[in-house]
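Summary of structural features
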Amino acid sequence: MNRPTGPAREDFASDNHASAHPAVLAAIGAAARGPAPAYGGDRWTAAAEAGLRDLAGPAAVPLLLFNGTAANVLGLSALLGPGDAIICADNAHFAVDECGAVEAMLGRKLLLAPAPHGKLAPAAIEDVLKRCTDVRTPRPSTVAITQATELGTCYSLEELAALRDLCDREGLRLYLDGARLANAVAHLGCKVDDIARFADALSFGFTKNGALGADALLLMTPGVAERAPYLRRQQAQLASKMRFLAAQVSALLDGELWLDNARSANGMAARLAADLEGLPGLRLTQPVQSNAVFVELPPAATNSLRERWTCYLSPDGVTRLMTSYATGRADVSELVAEVSASLT
């Protein structure tokens with residue numbers, strides 16, 4: 001990635017690049033006044049956990065964590081038994097972008113399956129199961145998916161139901177990486193529990209949606225949650241000053257700020273895609289269903305973009321443009337204008 005110099009402006013490299021939302025910073029400041037019990041025994045943690053249960057359902061057991069990789073490792077470790085393996089998409093974040101954290105920390109094999117448009121289909125899972133038939137091969141016990149996916153697409157509720165049905169038939173558990181769960185909820189026009197009910201465990205990302213650094217794990221299935229608090233401690237994810245994670249989450253839950261942020265990011269991505277589609281020689285390579293736009297640009301436009309903006313160019317020549325809650329119409333218009341100028 002190329003980082004431009006000059007006055008600060010919103011870029012399109014990642015929603016991680018956006019600053020923390022002012023409401024989050026204010027909440028952290030308020031939580032910093034005076035002492036409070038450690039390790040989650042404070043009123044901020046109780047409020048954040050109650051808010052998460054309100055969204056995911058009363059049976060949900062929420063745990064606050066520092067980041068999304070930790071949520072994935074902890075969530076999967078709570079679902080796995082000895083010798084178990086994980087079926088996931090070949091482009092899943094924990095397969096290609098987390099430095100092998102799941103495999104290194106859990107010692108479990110990831111069984112990769114093709115996932116067109118980022119989505120894992122029941123047939124692809126069944127193909128993996130056919131290859132794992134005896135003790136010489138890993139034993140698949142868990143399917144792990146991402147919502148929204150690495151390619152910005154979203155599983156429909158019907159697609160999630162089909163995956164859940166397959167998992168139930170085959171005795172598999174289902175884990176959902178929800179680093180951008182808010183964007184998926186905004187796209188589908190559903191509620192968090194409409195998605196969460198299909199999973200045995202799922203993460204709920206806040207860092208990419210306005211937090212300074214806080215994510216949550218939601219354990220949905222009875223019997224899964226008992227070990228998780230101990231695993232969180234073993235995996236170095238039990239924050240001593242938990243109130244500062246909880247204050248961030250509560251600030252985003254208050255008044256559905258998390259959903260407003262996601263809707264804004266999705267809306268700016270849709271606007272960006274529509275404006276780019278109107279230019280000659282460009283092609284969107286994925287449906288725009290969240291806050292990601294994947295586009296093939298002519299070489300001149302690619303070079304111009306990389307010189308002036310921070311963005312990600314994949315090895316296959318497709319540019320990924322990410323919006324965030326902080327992206328504004330002026331940012332979109334400026335980027336489109338520069339791309340358009342490079343084409344003349």
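Residues numbered from 1 in each chain as written. Predicted model: local features only at pLDDT ≥ 70, side-chain atom pairs only at ≥ 80, totals over all residues. Heavy atoms only, no water.

In this section: the layout of surface pockets. Volume-wise, the largest pocket comes out at about 830 Å³. Lining the largest pocket are 32 residues; nearest its centre among them are His93, Asp97, Glu150, Arg180 and Arg320. The element best represented in the lining of the largest pocket is helix α3 (residues 68-79), accounting for 3 residues. Grouping the amino acids of the lining of the largest pocket by side-chain chemistry returns 9 nonpolar, 14 polar and 9 charged. (1 Å grid on protein atoms, 1.4 Å probe; cavity = no way out; pocket = protein on both sides within 12 Å on 5 of 7 lines; lining within 4 Å. Points joined across faces, edges and corners; volume = space filled by probe spheres on them. Helix = DSSP H or I, 4+ residues; strand = E, 2+ residues; numbered from the N terminus. Nonpolar A, V, L, I, M, F, W, Y, C, P; charged D, E, K, R; others polar.)

Moving on, we come to the sheet that holds strand β2 (residues 84-89). Ordered by their spatial adjacency, 7 strands build an open sheet running β1-β7-β6-β5-β4-β2-β3, and the pairing between neighbours is mixed. In this open sheet, the two strands that pair with only one neighbour each are β1 (61-65) and β3 (110-113). Strand after strand, the sheet turns through a mean of 25° between neighbouring axes, direction not considered. The pairing of strand β4 (residues 139-146) with strand β5 (residues 173-177) spans 5 bridges and is classified as parallel. Bridged to threonine 142 within β5 is arginine 173. (Pairing = 2+ DSSP bridges. Axes fitted to C-alpha atoms, helices over the stretch in contact; angles between N-to-C directions.)

Our focus in this paragraph is the confidence of the model for the protein chain. Model confidence for the protein chain is summarised by a mean pLDDT of 93, while 97% of its residues fall at 70 or above. Counting interchain partners and residues more than four positions distant, the pLDDT-below-50 stretch residues 1-7 has 14 contacts. (pLDDT = per-residue confidence, 0-100. Contact = heavy atoms within 4.5 Å.)

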